[in-house]
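Single-letter residue listing:
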Amino acid sequence: MEDIFAARTKRLEVSGIRKMFELASEDSINLGLGELDFEPIDEAKAALTQAVNDGHNGYGPTRGLSALRKAIAESLCKYRTDVDMENVMVTAGATQGLLVSAMTIFDHGDEVLVPDPGFVLYKPHAIMCGAFPISYHLRQENDFIPQTDEIMELVTPQTKAIIVNSPNNPTAGMMGKDDVKALRDIAIDHDLIIISDEVYDNIILEGEHATMLNGDYDHVIYINSFSKTFAMTGWRVGYLATSKAMIEQLSKIQYYNIACPPTPLQHATLAALGAPDTELKRRLALLKERRDIIVKRLNDIDGFNCMKPRGAFYAFPKFDHDIDSQDFAMKILEAGVICAPGSAFGKAGEGHLRFSFANSKENIEKGMEIVEKVAGQISID
Ligand SMILES: Cc1ncc(COP(=O)(O)O)c(C=O)c1O
């Protein structure tokens with residue numbers, strides 16, 4: 001039986017986060033999830049029902065519905081004014097946008113620089129394409145910002161791409177304009193592609209988002225999604241933006257991969273994009289309040305040190321306790337709170353825990369009581 005599985009399948013491991021969640025009981029306080037505890041807005045839900053009832057249930061264009069691509073291009077004009085629908089392709093979530101980019105760019109033996117700690121898809125996607133993921137490190141002492149001198153040292157003739165993610169999951173690190181420019185310069189000098197995962201660019205709690213999209217198109221694939229912005233993770237609608245020449249190649253792979261993104265859900269997403277942003281603003285204000293509570297509570301725990309996230313909805317405290325992050329998260333889980341061990345995001349995530357604040361203020365307060373109690377029972381190094 002073992003022999004029938006491809007080498008790429010054997011090289012992949014089940015995500016550490018999934019394993020933890022499977023062990024959780026139903027009444028646990030969930031601070032582990034990478035999805036908001038909100039519903040899609042009413043306009044989007046109504047448009048979805050209407051699209052299904054109006055018969056928009058068939059295949060659509062491989063690159064996505066023109067009306068949605070146009071609306072996305074218009075929304076991206078906040079970053080650069082020359083984006084048009086030919087620069088945009090709709091995908092089945094950022095997950096598929098990332099995979100289709102990997103399949104379009106990575107060859108066997110290529111090296112791909114990935115953040116460590118980093119979102120759980122990047123390494124497996126490289127492996128699935130026969131490429132080698134090479135880690136660059138995100139450290140709290142650098143505000144979890146990629147360090148250009150480290151990246152420069154890792155670039156070899158085999159390097160094909162650098163994957164970046166800002167605001168970042170799990171660290172909540174957020175690059176500034178100078179960081180973005182420095183990485184973009186490396187990509188141009190070495191003829192690399194930057195795959196820039198910006199799925200949290202609408203969840204900015206402080207400061208301004210610095211995008212990779214507003215530079216040289218030829219070296220950037222900008223990845224985004226409606227999962228986080230509109231709290232519609234299960235709808236699987238995302239998009240990417242890049243040069244027209246790159247879109248030509250990406251759409252070949254996309255056709256053989258999913259034929260087209262889901263049609264009725266694209267109609268619903270279009271309605272969400274056209275709706276007033278009052279509800280989104282209210283949600284952002286609420287997330288900020290939750291962020292302030294969780295960061296304060298975490299920093300009040302002896303041996304914890306948590307940077308204040310300026311984007312996304314994760315707190316990623318460093319701990320000095322004499323335990324590894326997997327065992328620590330397991331103890332917290334047994335006490336009734338789900339969080340993710342830092343090591344689930346790479347070796348450099350060890351010594352951290354990830355708490356998502358996509359939960360009510362009451363639950364965050366209750367959860368932090370429990371975490372404090374568990375932490376108090378473990379000795380500090
Ligand atoms: C950094 C990052 N990229 C991509 C994704 C996947 O998003 P989607 O639901 O659009 O596939 C996530 C989801 O947690 C994420 O955190």
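Residues numbered from 1 in each chain as written. Predicted model: local features only at pLDDT ≥ 70, side-chain atom pairs only at ≥ 80, totals over all residues. Heavy atoms only, no water.

Visitor: For this particular structure, what's the right way to read the pattern of salt bridges?
Guide: As a working rule, side chains carrying opposite charge can pair if their charged atoms are close by. Tallied over the entire structure, the rule returns 22 salt bridges. Between arginine 63 and glutamate 248 there is a salt bridge whose closest N-O contact spans 3.4 Å. Taken together, the residues span a long stretch of sequence, with arginine 63 in the loop between α3 (42-53) and α4 (66-76) and glutamate 248 in helix α9 (residues 244-258) at a distance of 185 residues. Note on arginine 63: relative accessible area 18%, which makes it buried. Its relative accessible area of 43% is what places glutamate 248 among the partly exposed residues. A salt bridge links arginine 297 to glutamate 365; its shortest N-O distance comes to 2.7 Å. With arginine 297 in helix α11 (residues 278-300) and glutamate 365 in helix α13 (residues 361-376), this pair connects stretches of sequence that are 68 residues apart. A residue is classified by how much of its surface remains accessible, and arginine 297, at 16% relative accessible area, is buried. Via salt bridges that share partners, Glu206, Arg291, Asp292 and Lys308 belong to a single interconnected network. (Salt bridge = Lys/Arg side-chain N within 4 Å of Asp/Glu carboxyl O. Helix = DSSP H or I, 4+ residues; strand = E, 2+ residues; numbered from the N terminus. Buried < 20%, exposed > 50% of the residue type's maximum accessible area, 1.4 Å probe, protein only.)

Visitor: Honestly, the sheet that holds strand β13 (residues 340-341) in this entry has me stumped. Any pointers?
Guide: Hydrogen bonds between backbone groups are what pair the strands of a sheet, and the pairing can be parallel or antiparallel. An order of β10-β14-β13 is seen for the 3 strands of this open sheet, with the pairing classed as antiparallel. A single partner strand is all that each edge strand has here, and the edge strands are β10 (314-315) and β13. Relative to strand β14 (residues 353-356), β10 runs antiparallel, the two sharing 2 bridges. For tyrosine 314, the partnering residue across the bridge sits in β14 and is serine 356. Most of the contacts of helix α12 (residues 325-334) go to β14, to which it runs at about 40°, and overall it touches β13 and β14. (Pairing = 2+ DSSP bridges. Contact = heavy atoms within 4.5 Å. Axes fitted to C-alpha atoms, helices over the stretch in contact; angles between N-to-C directions.)

Visitor: Would you mind showing me how to read the site of the ligand here?
Guide: The environment of the ligand is made up of 14 residues, and the closest members are Thr95, Asp197, Tyr200, Ser225 and Lys228. Take asparagine 169: an N or O atom from its side chain is 2.8 Å from an oxygen atom of the ligand. Here an oxygen atom of the ligand and a side-chain polar atom of lysine 228 are 2.6 Å apart. Within the complex, the protein chains bury 93% of what would otherwise be the 400 Å² of accessible surface of the ligand. If you tally residues by element for the shell around the ligand, the top one is helix α5 (residues 93-105), at 3 residues. Tallied by class, the residues present in the shell around the ligand amount to 5 nonpolar, 6 polar and 3 charged. (Near = heavy atom within 4 Å. Polar contact = N/O pair within 3.5 Å; in protein donor to acceptor, adjacent residues only side chain to side chain. Areas by Shrake-Rupley, 256 points an atom, 1.4 Å probe, with all protein chains shown as cover. Nonpolar A, V, L, I, M, F, W, Y, C, P; charged D, E, K, R; others polar.)

Visitor: Whenever I open this one, α9 confuses me. Can you help?
Guide: The first and last C-alpha atoms of α9 sit 20 Å apart over 15 residues, in line with the 21 Å expected at 1.5 Å per residue. Taken as a whole, α9 has its buried residues at Met246, Ile247, Leu250, Ser251 and Gln254. On its buried face, α9 sits against β2 (88-91), α5, β6 (193-197), β7 (220-225) and β8 (238-241). Taken from the residues just after α9, alanine 259 is the one with a positive phi, measuring 65°. (Expected span 1.5 Å × (residues − 1).)

Visitor: Is there a simple way to think about the packing of α4 against helix α10 (residues 263-274) in this case?
Guide: At their nearest, the axes of α4 and α10 sit 9 Å apart, and the two run at 30° to each other. α10 is crossed by α4, and the crossing has left-handed handedness. In this structure, α4 uses Ala67, Leu68, Ala71 and Ile72 to contact α10, whose residues at the interface are Gln266, Thr269, Leu270 and Leu273. A class-by-class count of the residues in the contact of α4 with α10 yields 6 nonpolar, 2 polar and no charged. (Left-handed = near helix turned anticlockwise from the far one by under 90°.)

Visitor: Please clarify how the environment of arginine 69 should be interpreted in this entry.
Guide: With respect to the helices and strands, the residue arginine 69 is situated in helix α4. Owing to a relative accessible area of 6%, arginine 69 belongs among the buried residues under this scheme. Expressed as a C-alpha distance, the spacing of arginine 69 and threonine 156, which sit 87 residues apart in the sequence, is 36 Å. If we skip the residues at most four places from it in the chain, arginine 69 touches Arg63, Gly64, Met85, Glu86, Val88 and Val90. Within the structure, arginine 69 has its side chain in polar contact with the backbone oxygen of methionine 85 (distance 2.9 Å).

Visitor: Looking at this structure, how should I read the nonpolar core?
Guide: Nonpolar side chains in soluble globular proteins tend to be buried together. In this structure, Phe106, Phe304, Phe328 and Phe355 are the most contacted members of the largest nonpolar core, which totals 66 residues. Top contributing element to this core by residue count: α11, with 6 residues. Built from parts of two domains, this core gets at least three residues from each of domain 1 (2-40 + 278-376) and domain 2 (55-274). Not counting residues within four places of it along the chain, the set of residues in contact with phenylalanine 328 comprises Phe304, Phe319, His321, Ile323, Leu353, Val374, Ala375 and Ile378. Membership of the second largest hydrophobic core comes to 25 residues, among which are Ala73, Val88, Leu213 and Tyr217. (Core = buried A, V, L, I, M, F, W, Y, C linked by side-chain atoms within 4.5 Å. Domains from an automatic or database assignment.)

Visitor: I tried to follow the domain arrangement of the protein chain on my own but got confused; where do I start?
Guide: How big an interface is tends to be stated in terms of accessible area lost as the parts join. Domain boundaries assigned for the protein chain yield domain 1 (2-40 + 278-376) and domain 2 (55-274). Domain 1 and domain 2 are separated by 24 Å when their C-alpha centres are compared. Every contact between the two is made by 37 residues of domain 1 and, on the other side, 35 residues of domain 2. Between domain 1 and domain 2, roughly 3100 Å² of surface is buried when both sides are summed, and carbon and sulfur atoms account for 62% of that area. (Buried area = accessible area lost by both parts, 1.4 Å probe.)

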